Number of protein chains: 2
Amino acid sequence: MIAEKMKSMVAGSSAIRAMFEEGNRLAEIYGKENVYDFSLGNPNVAAPEAVKQAIRELLDEEDPVVLHGYTNSNSGYADVRETVASSLNGRFGTHFEGKNIVMTVGAAGGLNVILKSLINPGDEVIAFAPYFGEYRSYTNNYDGVLVEISPNTENFQPDLQEFEQKITPKTKAVIVNTPNNPTGVVYSEETIKRLAAIMEAKQKEYGTEIFLISDEPYRELVYDGAEVPYLTKYYANTVVGYSYSKSLSLPGERIGYLVIPDEVSDSGELLAAANVATRILGFVNAPTLQQKVVAKCINEKTDISFYDRNREALYNGLRECGFECIKPEGAFYLFVKSPVADEKEFCAAAKKYNILIVPGSSFACPGYVRLAYCVSYETIVNSLPKFKELAKEYERI
Amino acid sequence: MIAEKMKSMVAGSSAIRAMFEEGNRLAEIYGKENVYDFSLGNPNVAAPEAVKQAIRELLDEEDPVVLHGYTNSNSGYADVRETVASSLNGRFGTHFEGKNIVMTVGAAGGLNVILKSLINPGDEVIAFAPYFGEYRSYTNNYDGVLVEISPNTENFQPDLQEFEQKITPKTKAVIVNTPNNPTGVVYSEETIKRLAAIMEAKQKEYGTEIFLISDEPYRELVYDGAEVPYLTKYYANTVVGYSYSKSLSLPGERIGYLVIPDEVSDSGELLAAANVATRILGFVNAPTLQQKVVAKCINEKTDISFYDRNREALYNGLRECGFECIKPEGAFYLFVKSPVADEKEFCAAAKKYNILIVPGSSFACPGYVRLAYCVSYETIVNSLPKFKELAKEYERI
């Protein structure tokens, strides 16, 4: 009865729900504190006090008809868009104006808006494994075809050789996500320059436009002073999708933006299309109160010390247990090599210790598992003896 | 460069933007108070004080990690869904549970979610002219085909004879919008009963499931004690899409819900599909703070006296000028017969008096114009002498 396209998705989604319910079931039996749920990317850090303050001020100061009303443009409040543009210019030396910004219902909304704006049925969208599984759904929404580049498990930088081979005249977009979910890896400037050069050359070779879509909800979550290159500076046809979900701990509020720079081919037309797509996909506009909140909190710094402490504890703890993984430079995930080829078997084994982790297959990278360390520090500390027991099971292998 | 499907939409959207810019241009020349902009359905009534109070309480009382976090289910907070279900049961004698409610990014988000869940390419979706033009875009998003039923300009109840003829084995959904945008007409219980009987018979004849989608953002905006039948009680395969945009004056906040009753065929599967569609379309979940706000304001009564005063003033004023229109029982629109066949010409003539109105062609009903009276009372009072002058132009015809 439901749409054909939805059937497999509903089936897949049941598996995730089953995992979620399993977590609840375990929590009921063993107590929540004895379940080590590393499965979800839901920040456990409270939004900064400045968010609360901003909301209170807005309620006191703004006309509610404006504060909660439709924005004049579906792309958002003009003043908010100006504020976002100025902030980016100050931080990255870019030259955006308010008109280059489209406020969106989170990064997920932004990615849907830009794909709706760009993709014709059969167009190809490239993603580098491991990647956030929803890219496939977003691409399918517009009858695009997701083309996967195999993971480079040496350092999880993208495999640019395979990338170059897989670009075709039908390639319309390339999605990169750095800092990366699920690996926590930051793509180096060297990587970005090579990627851009390949795309430039292919655009010329085929006489096409190929868009680089930078999905960057984790931009602010970097450690040890790692630098995340701002991609619009390396490649003209770049569109940035940002979210405040992680940087301000507002994932449920659905607030983010797209940047469509003037350097993009026919940028005026693409901006107009994004504005229309925002409307007809049913977003209409990004939630208005939260638009004003993020503008007021534009200089708010993300306190990453919480995540950094978790990162160190979990990374070092797992290494001591003998597990292999790259030390993440950003985001709040560890991507750990499964001690057995079938990582789903490993996930099942972990569950016996009340440890919930996600198989790498969900990110097109089997043989690995993802741990989201946006949990309480106690969860990490208390989980480590369990990981030790889990590791012992594999010493005999 | 942009997607083919978007090209005509961007072109159409430019026309609307041109009108908006024209309004701004006129306001600059003549002063905002001398421009009578009846073009937009953006409520001019402030959200009730209870909304402000609810937000303040939520900031004080709720854990920000929960208040601004992802909801456990993409369909929304369990407690909010229970509250909505109970409220509907109390008001309409229905038997919904929390699981029957999917919190959505406004009604526009809800309609996209249910169409994504239901529509296969080529499936037909029926709408009764005059109808909100976005239904066509929403249907196109999923490669459905919008089938239009001609307007019944006698009383703007749907033409059920043509409806019966146009239902085919490919008909998957029928959208009704009562109280109606743009006419303000409430579909009578008699209409609904006949509509339901026709749909039941056609389901049997074709062995198909045909879904009645009730888009009801204006449910609370009714005058003179008019009753709006609750459609799930008349037809089993009914899905309701609601929005708080008008009832709580929160259009920019994007908060509403879908009701998918147990009586719907395979309702469990459809609920699961709606949950997944919410996620993959990029909504993820309805904005969380506003979910909690509407639950706290669930018993808030909409003060319609403001709109009622506008309705009386504008309806009576226009009738005195000699214009013809049905007195609306709901919503905040008047649908006025154009004194000339080409209503766009009439809109252009109105603009000479700084009156901005929308041609009925935008609602698949040429020969009429829509006036949104969700403006200040002063705008209405001051516009009436201008309407009188405008009317005089047509006395000679």
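Each remark here, short or long, concerns the structure printed above.
Since we're looking at a predicted model, the values are computed, not measured.

Caption draft 1: Highlighting the overall build of chain A. A count of helices and strands for chain A gives 13 helices and twelve strands. Against the globule reference of 21 Å for 397 residues, chain A gives a C-alpha radius of gyration of 21 Å, in line with a compact fold. For chain A, the proportion of its 397 residues judged to be buried stands at 52%. By sequence separation, contacts in chain A at least 24 residues apart represent 73% of the contacts at least 6 residues apart.

Caption draft 2: View of the environment of Lys99(A). Within the secondary structure, Lys99(A) is located in the loop between α4 (78-92) and β2 (101-104). Measuring from C-alpha to C-alpha, the distance between Lys99(A) and Tyr394(A) comes to 56 Å, with 295 residues separating the pair along the chain.

Caption draft 3: Here's a closer look at the sheet that holds strand β9 (residues 333-337) of chain A. Residues and elements named next belong to chain A. Reading across from one edge, β9-β12-β11 is the order of the three strands in this open sheet, with antiparallel pairing throughout. Here the strands that pair on one side only, and so sit at the sheet edges, are β9 and β11 (358-359). Lying on the sheet, helix α12 (residues 343-351) is in contact with β11 and β12 (368-372); it crosses β12 at an angle near 45°.

Caption draft 4: Local environment of the nonpolar core. Counting 248 residues, the largest nonpolar core has Tyr373(A) and Tyr373(B) as the members making the most contacts within it. Among all residues touching Tyr373(A), those that are not within four sequence positions of it are Phe38(A), Tyr307(A), Asn310(A), Arg311(A), Leu314(A), Phe332(A), Leu334(A) and Ile380(A).

Caption draft 5: Spatial organisation of the interface of chain B and chain A. Each partner contributes residues to the interface: chain B has 62 residues there, and chain A has 62 residues. Contributing elements (two or more residues each) for the side of chain B that touches chain A: α1 (4-30), α2 (49-61), α3 (64-67), α5 (106-118), α6 (134-141), α9 (267-280) and α10 (288-296) of chain B. Ranked by residues supplied to the side of chain B that touches chain A, first place goes to α5(B) with eight residues. Of the residues assigned to the side of chain B that touches chain A, the class counts are 32 nonpolar, 20 polar and ten charged.

Caption draft 6: Focus on the pairing of strand β5 (residues 171-176) of chain A. Residues and elements named next belong to chain A. For β5, a buried count of six out of six residues is recorded, marking the element as mostly surrounded by other parts of the structure. The pairing of strand β3 (residues 124-128) with β5 spans four bridges and is classified as parallel. The residue of β5 that forms the bridge with Ala127 is Ile175. Summarising the sheet, β5 and strand β6 (residues 211-215) pair through four bridges and their orientation is parallel. Looking at the pairing, Val176 lines up with Ser214 of β6. This β-α-β element, β5 to helix α8 (residues 189-206) to β6, shows right-handed connectivity.

Caption draft 7: Local environment of the sheet that holds strand β9 (residues 333-337) of chain B. Residues and elements named next belong to chain B. Read across the open sheet, the three strands follow the order β9-β12-β11; overall the sheet is antiparallel. Two strands close off the open sheet at either side, each with one partner strand: β9 and β11 (358-359). Along the sheet face, helix α12 (residues 343-351) touches β11 and β12 (368-372) and points at about 45° away from the line of β12.

Caption draft 8: Representation of the environment of Gly98(A). Residues and elements named next belong to chain A. The topology assignment puts Gly98 in the loop between α4 and β2. As for Gly98 and Ser267, which are separated by 169 residues in sequence, their C-alpha atoms are 13 Å apart. Other than its neighbours up to four places away in sequence, Gly98 contacts Ala78, Arg81, Glu82 and Ala85.

Caption draft 9: Spatial organisation of the relation of the copies chain B and chain A. When chain B is fitted onto chain A, the two copies agree to an RMSD of 0.0 Å after a turn of 180° and an axial shift of 0.0 Å. The relationship between the two copies is best expressed as a two-fold rotation axis. A share of 100% of the interface residues of chain B reappears at the interface of chain A, consistent with the copies meeting face to face through the same patch.

Caption draft 10: Expanded view of the packing of helix α5 (residues 106-118) of chain A against helix α9 (residues 267-280) of chain A. Residue and element names in this part refer to chain A. The geometry of α5 relative to α9 is characterised by a closest axis approach of 8 Å and an angle of 120° between their N-to-C directions. By the angle class used here, α5 and α9 are oblique. Crossing handedness for the pair α5 and α9: right-handed. Contacts between α5 and α9 pair Val113, Ile114, Lys116 and Ser117 from the former with Leu270, Ala273, Ala274, Ala277 and Thr278 from the latter.

Reading guide: rules and limits
- Throughout this description, residue numbers start from 1 for each chain and increase along the sequence as written.
- By the order in which they are written, chains take letters starting at A while ligands take numbers starting at 1.
- Only residues with pLDDT of at least 70 get local features here, since the model is predicted, and only at 80 or more are side-chain atom pairs given and counted; chain-wide, interface and lining totals rely on the full set of residues.
- Secondary structure elements are taken from DSSP: a helix is a run of H or I of four residues or more, a strand is a run of E of two residues or more, and numbering for both begins at the N terminus.
- Here the globule rule is a power law, 2.2 Å times the number of residues to the power 0.38, and the radius of gyration is based on C-alpha atoms.
- We call a residue exposed when 12 or fewer other C-beta atoms sit within 10 Å of its C-beta, buried when the count reaches 20 or more, and partly exposed for counts in between; the C-beta positions come from the backbone.
- A pair of residues counts as a contact when their C-beta atoms, built from backbone coordinates, are separated by no more than 7 Å.
- Each pair of strands is called paired provided DSSP finds at least two bridges between the two strands.
- Between N-to-C directions, angles cover 0 to 180 degrees, with each direction set by a line fitted to C-alpha atoms, over the stretch in contact for helices.
- Here a nonpolar core is just a set of buried residues of the types Ala, Val, Leu, Ile, Met, Phe, Trp, Tyr and Cys, joined wherever their C-beta atoms sit within 7 Å.
- Ten residue types, Ala, Val, Leu, Ile, Met, Phe, Trp, Tyr, Cys and Pro, are classed as nonpolar, four, Asp, Glu, Lys and Arg, as charged, and the remainder, Gly among them, as polar.
- Looking down the strands as they point away from you, a crossover is right-handed if its path from the first strand over the helix to the second goes clockwise.
- For this overlay, a least-squares fit was computed on C-alpha atoms, restricted to residues scoring pLDDT of at least 70 in both copies.
- Just so you know how the angles are binned, under 35 degrees is roughly parallel, over 145 roughly antiparallel, 65 to 115 roughly perpendicular, and the rest oblique.
- Left-handed describes a crossing whose near helix is turned anticlockwise from the far helix by less than a right angle; the clockwise case is right-handed.

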